[in-house]
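Examining the three-dimensional arrangement
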Amino acid sequence: MTTAHTARPLKVLQLTDPHLMASADGALLGVNTRDSLAAVIDEVLRNHGQPDLILATGDLTQDASSEAYRYFGEQLKAFNCPSLWIAGNHDDSDLLASIAAEFQAEQKQVVQGGWHFVMLDSSVHGKVFGELSPPELAFLDESLSQQPELPTMVCLHHHPVDIGSDWMEKIGLKNRDAFWQVIDRHPQVKVVLWGHIHQDLQQQRNSVQLLATPSTCIQFATGSSKFAVEPLAPGYRWFELEPSGQYSTEVCRANKFEFDLDEKSTGY
Ligand SMILES: [Fe+2]
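Residues numbered from 1 in each chain as written. Predicted model: local features only at pLDDT ≥ 70, side-chain atom pairs only at ≥ 80, totals over all residues. Heavy atoms only, no water.

The protein appears in an unreviewed UniProt entry as 3',5'-cyclic-AMP phosphodiesterase from Marinobacter alkaliphilus.

Right, dumping it as structure tokens:
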């Protein structure tokens, strides 16, 4: 007798740029970042249910406070699965790593559901732009060399391509050529995923899908030459990944979340 084997896909949730603060009243351009994260988590549970893995791609906090990191970890307890945290420009990379360890979220690579996930720290202390240090690039190359057969998703905070927005071009990944030289040596990489740009973006580079995702708080205007926000609802990205390397992905928003965005702001 044969039994039909219908392995279900791995469900992966990306949450990015929650910009949490030590104070419960903490707000970014008029949006309370704890409330917007709560609305996004509710939307995930209502719309998709429980994921198998969470990727948290930086700017977890606005103020780099231990209270905000711990608050983030506590909120993720709404989900019954592991998470992986990386730093953004607003984070303190060392503090983030130490608090991530309290929540078992500090791993830099995992294999799950037949996929390999590699998490990179592109943050540079005191700078808004990103850069991958030589050890970080070596880690990427070595990790990818160890798992040549597995479909792979590489995550970082900063955008490694031009996204057609002048003010953001200056604050992307500086040494992107070095990054792509490594990626190009490893054809199993299917997806490069990031945060930072607070907007939904999809591009293709050779066989690699490039994806960015709305923030769980405020959204930057697409294609704007200078800093601008737009009143789109906070959101998240969902993946369903097959061990074959096939996958689907979508961005969803907490459209019922009510907020009063300061649209005239010239910075954040
Ligand atoms: Fe951000």
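Nonpolar side chains tend toward joint burial in soluble globular proteins. Core analysis: the biggest nonpolar cluster contains 66 residues, and Trp85, Val154, Phe179 and Val192 have the highest contact counts within it. Looking at this core, the element that brings in the most residues is helix H1 (residues 33-47), giving 5 residues. The residues touching Trp85, leaving out its near neighbours within four places in the chain, are Ala56, Leu60, Tyr69, Phe72, Gly73, Leu76, Leu96, Ile99, Ala100, Phe103 and Ala105. If you look at the next biggest cluster of nonpolar residues, it comprises 17 residues, including Leu10, Leu53, Phe117 and Met119. (Core = buried A, V, L, I, M, F, W, Y, C linked by side-chain atoms within 4.5 Å. Buried < 20%, exposed > 50% of the residue type's maximum accessible area, 1.4 Å probe, protein only. Helix = DSSP H or I, 4+ residues; strand = E, 2+ residues; numbered from the N terminus. Contact = heavy atoms within 4.5 Å.)

It is worth spelling out the coordination of the iron ion at this point. In the first shell of the iron ion, the protein supplies Asp17 (OD), His19 (NE2), Asp59 (OD) and His198 (NE2), at 2.1 to 2.2 Å from the metal. Considering all 4 donor atoms around the iron ion, the spread of angles at the metal, 90 to 178°, places the coordination shape in the irregular class. Counting along the primary sequence, the residues that act as donors to the iron ion give the motif D-x1-H-x39-D-x138-H. Separated by 42 residues along the polypeptide, Asp17 in the loop between strand E1 (10-15) and strand E2 (27-28) and Asp59 in the loop between strand E4 (53-57) and helix H2 (66-75) bring together distant segments of the chain. Judged by relative accessible area, which is 0%, Asp59 ranks as buried. (Donors = N, O, S within 2.8 Å, 3.2 Å for Na, K, Ca; no water. Tetrahedral: all angles 85-135°; square planar, octahedral: opposite > 155°, others 65-115°.)

With that settled, the discussion passes to the side chain of Asp91. Locating Asp91 in the fold gives a position in the loop between strand E5 (83-86) and helix H3 (93-102). A polar contact of 2.7 Å, which involves the side chain of Asp91, links it to the side chain of Tyr69. A polar atom in the side chain of Asp91 sits 2.8 Å from the backbone nitrogen of Gly88. When sequence neighbours within four positions are dropped, the list of residues in contact with Asp91 reads Gly58, Asp59, Leu60, Thr61, Ala64, Tyr69, Ile86 and Leu96. (Polar contact = N/O pair within 3.5 Å; in protein donor to acceptor, adjacent residues only side chain to side chain.)

Among the 6 residues in strand E9 (residues 189-194), 5 count as buried, and that is most of the element. Bridging between strand E8 (residues 152-155) and E9 involves 4 bridges; their strand directions are parallel. Bridged to Thr152 within E9 is Val189. In this sheet, strand E11 (residues 208-212) lies alongside E9 in parallel orientation, the contact comprising 4 bridges. Residue pairing in the sheet places Trp194 in a bridge with Ala212 of E11. (Pairing = 2+ DSSP bridges.)

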